[in-house]
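Observations on the three-dimensional arrangement
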Amino acid sequence: MRGFRPSLSAMMFVVAVIWIGVAALYGLLKPISNGCIMTYMYPTYIPISTMENVSSAKYGLYLYHEGKVRSLAAESDRAYQGGPLERTFYREAHLASEEGHVDMADIQLPNQYANRLDWFAVDLEGEHSAMDGRILEEHTEYVVYAIHRILDQYKESHDARESDGTATTGSLPKSVILIGHSMGGFVARAATIHPRLRKSAVKTILTLSSPHQSPPLALQPSLGDYYESINQEWQKGYEVQTTRTGRYVSGPKLSNVVVVSISGGYNDYQVRSKLESLDGIVPPTHGFMISSTSMKNVWLSMEHQTILWCNQLVVQVSHTLLSLVDSTTGQPFPETQKRLAIFTKMLHSEIPQSFNWKMQPQSSWSSRVPAKDVKDTAVPEVHTLSDCPSSFHWNDDILERDLYIETTTVTILAMDGRRRWLDIQNLGANGKSHFIFVTNLAPCSGVRVHLWPQKGKSSSDLPAGRRVLEVTSKMVQIPAGPAPRQVEPGSQTEQAPPSAVLHLAPEEMNGFRFLTISVAPRPTISGRPPPATSMAVGQFFNPDEGKIEFSPVSMLQSMHSHKDIFLKEDHPLAFNLSFAVSLGLLPVGFSLKTAGCGIKDSGILDEAGDTGNAKLCKLRCFPPVALAWDPTSGLHVFPNLYSETLLVDSSPALWTSTGTEKTTVLLLLDPHCAYKASIAVSVTTAASRFWLLYFSQIIGFCVAVIFFALMRQAHARPIPSILKAVESNLRIPFPFLPFFLAPIMFSLFFSFLSSQPFPPFSSFTIVSLICYLLANGIVILLILVSQLGFYVTAYLHVFIKTRWQLWEGNFGFLFLRWFMNLSSRFLSLKVVRVLRANPLFVPVSAAIILSTFVHPALGLFILLLSHALCCHSSLCNSLTASFRSNARKKESDYRTEDNSLSQQFKPKPGSPSKENSSSYIQTQEDTFHLRHGLLVLHLLATLMFVPSLVSWLQRIGMHQNFPRFLDSFLCICLILHGIYSSESLLNSELPFPRIMGKEVRLNSIYLIAGFYSYLSGMALAPYKALYAMGAVGIIAFALSILQAWTGATRFGRRRHWHRH
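A quick note: this is a predicted structure, and the numbers were derived from the prediction, not measured.

Structural notes on the overall build of the protein
Across its full length, the protein holds 27 helices and 30 strands. For the protein, with 1060 residues in total, the buried portion stands at 52%. For the protein, the share of sequence-separated contacts (at least 6 apart) that also reach a separation of at least 24 residues comes to 78%. With the model as given, the accessible surface of the protein reaches about 49,500 Å², and the carbon-plus-sulfur share is 58%.

Put into structure tokens, the structure is as follows:
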């Protein structure tokens, strides 16, 4: 039968899809070490009574208490009892003045928390709201009710105590803080704009790993439509309300609502950071998204469920929430910008967002002393840099004799109580105008850094108008790796990892001659014990010397042969690694081996070997640290970087991507050590990232590929198989290039019309090409699997049927003959005869009823069964006719030989004659190919509704509503398309409209539907491809009705096709 054997190119696509899928699965199943400390729960749930007309049987509201420690609620109590986090003097994050007009210096955190937090939990029965829009709406309605019930509960309790004479002073709560995990975060936003929610009942929302831009599986139309409607309402909520004529009505409805989204980073496979972003939904003046990898005191990426119990994050969030409460009123601060400033100060770090030293904007600190007091200084006056507090005041007597550093690199290996002087003018010459300093000593208590206009014993020795500037609090905290260990008991301890970094640009040191680094003596003034090992390294450096760029070609070549880089001793302390392709798309395996550590020509390293070399160098050089920045997910820190996969949670090469997609990595290496660095792209991690990032795009492209194949079937005569149609569309240059490039050009044109920024063309085109080829491979794989199943069952059916004809006279089959006679009597009944005369009535009725009243996927299953039966019947008829034709040919050629085969396929009355057997076989093959193409299309549509079906099956036995109208309507359109599409519809003489003098036929409609599905995939909204399927179904049904009404006939010019 024609069209069964795939071509070599088709098999290559299938092999590529299987290989990439297996590699991605291996990458996803690898165990993850996230470094989180477990938060144990000992919960006590106190139920709160609800009204009977609310879904009380399905959901529940509880007051949440802990028997011991330590969930988020328990950690908030623990934080309340223990007080705020210990104050550090690292540089803190700040709000830009144009965003909030709030100076972070004005935000003073309390020394002791004055109020506890009452925690309430909403039990939503663990339903899969991420898969079904109806469930999401029900959750939103119940959360709105729960908010009202909580606020009413406070009033009821206050009234009861007042009647008993035990009422307490203080105002009742008027709002709640909503904290939602996963889809709970979106439900919190949906509840905030619900029309029945009381005004100002919600002012603060904190979400954990919650998708805001679109659902993680954007496959169900009603789910995607609900997301769009909620996000549009949020966009309008921050706009001034006016009438149609432009008359002012009121201010923004959501002007007092702050939203903070916390993402889990690259280890969260279920929700990517791109989906958790608030861009276009919440303005920067009212919220932000931060990754757990860049959160202060956390610095970890975590899985989707881990973010609930990771103790580092739980503790930081608990203190943040307690800091939101005004100690005087016991209520959260009413000022929006003050709440946002607290979130910023408690969660953000001040690590620079760009490591391009020369292009880095001016720093946001200045001296407390006005610039006019320092001669020839050019210190910017943006924010005030505070000195160390008086409790850390150092007397000049504390410091021992000063040291004068003559080299560009200074190293401190002990808390020796000395001050080191560095001449900025001499050491910063020859282009080495930047200074970087890394240490594990705490600012103020362990180390202090000053800028001096001239040398002196103390600032009092300097003449008036020339003051010393302290820059200690400009240090930025970075996460330190594991504590150093001793190689052997009593031996020297390994070098400590850095915990802070300080960078001074030339503009910041302008007007000063000397830089001093003062180290406290071992018995510190604060009384705290010193660190086990002390480390500090500073260096004047030229940024160009540490710049290393990796082109796309070199990154791709590293897949099969790693790239080695040798760094000699006295290298720059800071390296700026620039990867042309985002590490979110091509993660890089990075390994560092110590090749030397300043012990030259001693023979010690030669005797110790590689293992001893590494041990000795760990005693001298601090562990390497890498800091990667991504515009989408923020900062990613990799401490103790000896062998690690550098990965960021970015989403490059999308239609909505803007700006550069390069990833910049700041690598901090001890200049006293020589290193051998190896870089290789991790294939398994890259494959898993590609599937995670572009799964929605590939699904939309799959629908487009099938529509393009149906277009070719509707145009070509005889009707090709769906496999051959897909293969034909892959021919280069035509028609492959038009199908691939036309939607991309249209998307860019649409971006131009809507004044949206263009995505990076090269990466956008290449990734779209890969997704389109993978979509073709997936469709070919579906076609081959289904086609193989049809051929196997058809051959078995024909074989059993022919054997039955030979055996039906046997005595052993009398019972079967009796059963067949009984079946024929049943088929002779009038009801059965009516149904057989109208074979479409039963499947259409059953499918529509199931889609309307039960679940749309069940109706599509009926449609698939109808397609399968039609394909099986036409394939069996074709094979039977082909066998009979071959039997006649053999009988005519070999009349003298055994004629058992001709008797076996002896034609029956009504079977096609020898003259029209070829035409009959052709007709049956055309029917099979047409129905097989529709089956593949509707199989993909059914798979898109399977997640919703899973969530529906979870709720069996509970109160359920009817499916959403949008889902049911689209499924009914698909059913009509599958039932009423036929070959006669493709060739009927119907009054199709004309565009530019050409008749628009069904193949043109398939082409338009394919382009729309293609664009839907690029927009990460594959559910919109179902809109195209529904539109095609409506058109096919209307044309079928019109054909039956007008009695249109087939084209008379159609020929009979014969194979030669």
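There's more to say after this.
Here's the deal with the packing of aromatic side chains
For the structure on display, the rule yields 32 aromatic pairs. Taking 6.5 Å as the distance between ring centres and 35° as the angle between the ring planes, the aromatic pair formed by tyrosine 791 and tyrosine 795 counts as tilted. Taken together, the residues tyrosine 791 and tyrosine 795, both in helix H17 (residues 761–807) and four residues apart, mark about one turn of the helix. For tyrosine 791, a relative accessible area of 7% puts it in the buried group. According to the relative accessible area criterion, tyrosine 795 is partly exposed, its value standing at 42%. Centre to centre, the rings of phenylalanine 965 and phenylalanine 969 are 5.8 Å apart; their planes meet at 20°, and the pair counts as stacked. Of this pair, phenylalanine 965 and phenylalanine 969 both sit in helix H24 (residues 965–980), four residues apart, roughly one helical turn. Here phenylalanine 965 falls in the exposed class, since its relative accessible area comes to 66%.

Considering the pattern of salt bridges
Two side chains of opposite charge can pair, provided their charged atoms sit close to one another. Summed over the entire model, instances satisfying the criterion amount to 15 salt bridges. The shortest N-O distance in the salt bridge between glutamate 138 and arginine 955 comes to 2.4 Å. Taken together, the residues glutamate 138 in helix H4 (residues 133–164) and arginine 955 in the loop between helix H23 (917–954) and H24 connect sequence positions 817 residues apart. Residue class for arginine 955 comes out buried when judged on its relative accessible area of 5%. Measuring nitrogen to oxygen at the nearest pair gives 3.5 Å for the salt bridge that ties aspartate 402 to arginine 419. Of this pair, aspartate 402 sits in the loop between helix H9 (336–347) and strand S10 (403–405) while arginine 419 sits in strand S12 (residues 419–423); the two residues are 17 residues apart in sequence, bridging distant segments of the chain. Each of the two residues, aspartate 402 as well as arginine 419, counts as buried. If you follow the salt bridges from partner to partner, you end up with Glu127, Glu138 and Arg955 in one network.

So, the state of the cysteines
Scanning the model with the defined rule gives three disulfides in all. Here cysteine 36 is linked by a disulfide to cysteine 310, with a sulfur-sulfur distance of 2.2 Å. Handedness of the cysteine 36-cysteine 310 disulfide follows from its S-S torsion of about -85°: it is left-handed. With cysteine 36 in the loop between helix H1 (8–29) and strand S1 (43–47) and cysteine 310 in the loop between strand S9 (287–291) and helix H8 (311–323), this pair connects stretches of sequence that are 274 residues apart. The class of cysteine 36 is buried, set by a relative accessible area of 16%. Two residues, cysteine 597 and cysteine 617, share a disulfide whose sulfurs are 2.4 Å apart. Taking the sign of the torsion about the S-S bond as the criterion, the disulfide between cysteine 597 and cysteine 617, at about -75°, is left-handed. Here cysteine 617 lies in helix H13 (residues 604–618) and cysteine 597 lies in the loop between strand S23 (588–596) and H13, a separation of 20 residues in the sequence.

Description of the UniProt feature "transmembrane region" (unreviewed entry) in the protein
Under the feature "transmembrane region" (unreviewed entry), the UniProt entry names residues 7–29, 691–711, 732–754, 766–792, 840–865, 934–953, 1002–1020 and 1026–1045. Segment residues 691–711 splits into 100% helix and 0% strand. End C-alpha atoms: 28 Å apart. As a span, residues 732–754 carries 78% helix and 0% strand, and end to end its C-alpha atoms are 32 Å apart.

Considering unusual backbone geometry
The step from isoleucine 732 to proline 733 runs through a cis peptide bond, and the omega angle for that step is 5°. Within the secondary structure layout, proline 733 lies in the loop between helix H15 (722–728) and helix H16 (736–753). Residue phenylalanine 734 is joined to proline 735 through a cis peptide bond whose omega torsion reads 5°. For proline 735, the position within the fold is in the loop between H15 and H16. With a phi angle near 50°, asparagine 640 is a residue other than glycine that sits in the positive phi range. Here asparagine 640 shows up in the loop between strand S25 (634–638) and strand S26 (643–646). The phi torsion at leucine 1020 lies on the positive side, around 55°, for a residue other than glycine. One can find leucine 1020 in the loop between helix H26 (1002–1018) and helix H27 (1025–1046).

Things to note about the packing of H8 against H9
The contact between H8 and H9 brings their axes to 10 Å, and the two run at 150°. By the criterion of interaxial angle, the relationship of H8 to H9 is roughly antiparallel. In the crossing of H8 with H9, the sense of the turn from one axis to the other is right-handed. Taking contact as the criterion, the partners of Gln316, His319, Thr320 and Ser323 in H8 are, on H9, Ile342, Phe343, Met346 and Leu347.

Let's talk about the sheet that holds strand S19 (residues 536–541)
What the five strands build is an open sheet, ordered S11-S19-S13-S17-S16; its pairing is antiparallel. On the outer flanks of this sheet lie strand S11 (409–412) and strand S16 (476–477), each paired with one strand and no other.

Looking at the confidence of the model for the protein
Here the protein averages 82 in pLDDT, while 77% of its residues score no lower than 70. Confidence drops under pLDDT 50 across residues 358–385; counting only partners more than four residues distant or on other chains, this segment forms 65 contacts. Considering only residues more than four positions removed or in separate chains, one finds that residues 1049–1060, a stretch of pLDDT under 50, has 23 contacts.

Thoughts on the environment of isoleucine 744
As for its position among the elements, isoleucine 744 is in helix H16. Taking the C-alpha atoms as reference points, isoleucine 744 and methionine 1018, 274 residues apart in sequence, are found 8.7 Å from one another. Ignoring any residue separated from it by four or fewer positions in sequence, one finds isoleucine 744 in contact with Phe764, Thr765, Ser768, Tyr1014 and Met1018.

A few points about the sheet that holds strand S14 (residues 447–452)
Spatially, five strands are ordered S10-S12-S18-S14-S15 in an open sheet, and the strand pairing comes out mixed. The sheet is open, and its two borders are formed by S10 and strand S15 (469–470), each paired with just one other strand. Sheet topology places S10 next to S12; three bridges connect them, and they run parallel. Residue pairing across strands places isoleucine 405 opposite leucine 422, the latter belonging to S12.

What counts, and where the lines are drawn
Residues numbered from 1 in each chain as written. Predicted model: local features only at pLDDT ≥ 70, side-chain atom pairs only at ≥ 80, totals over all residues. Heavy atoms only, no water. Helix = DSSP H or I, 4+ residues; strand = E, 2+ residues; numbered from the N terminus. Buried < 20%, exposed > 50% of the residue type's maximum accessible area, 1.4 Å probe, protein only. Contact = heavy atoms within 4.5 Å. Areas by Shrake-Rupley, 256 points an atom, 1.4 Å probe, with all protein chains shown as cover. Phe/Tyr/Trp six-rings, centres within 6.5 Å; stacked < 30°, edge-to-face > 60°. Salt bridge = Lys/Arg side-chain N within 4 Å of Asp/Glu carboxyl O. Disulfide = S-S within 2.5 Å. UniProt positions renumbered as here; feature names shortened; annotations may be inferred. Axes fitted to C-alpha atoms, helices over the stretch in contact; angles between N-to-C directions. Parallel < 35°, antiparallel > 145°, perpendicular 65-115°, else oblique. Left-handed = near helix turned anticlockwise from the far one by under 90°. Pairing = 2+ DSSP bridges. pLDDT = per-residue confidence, 0-100.

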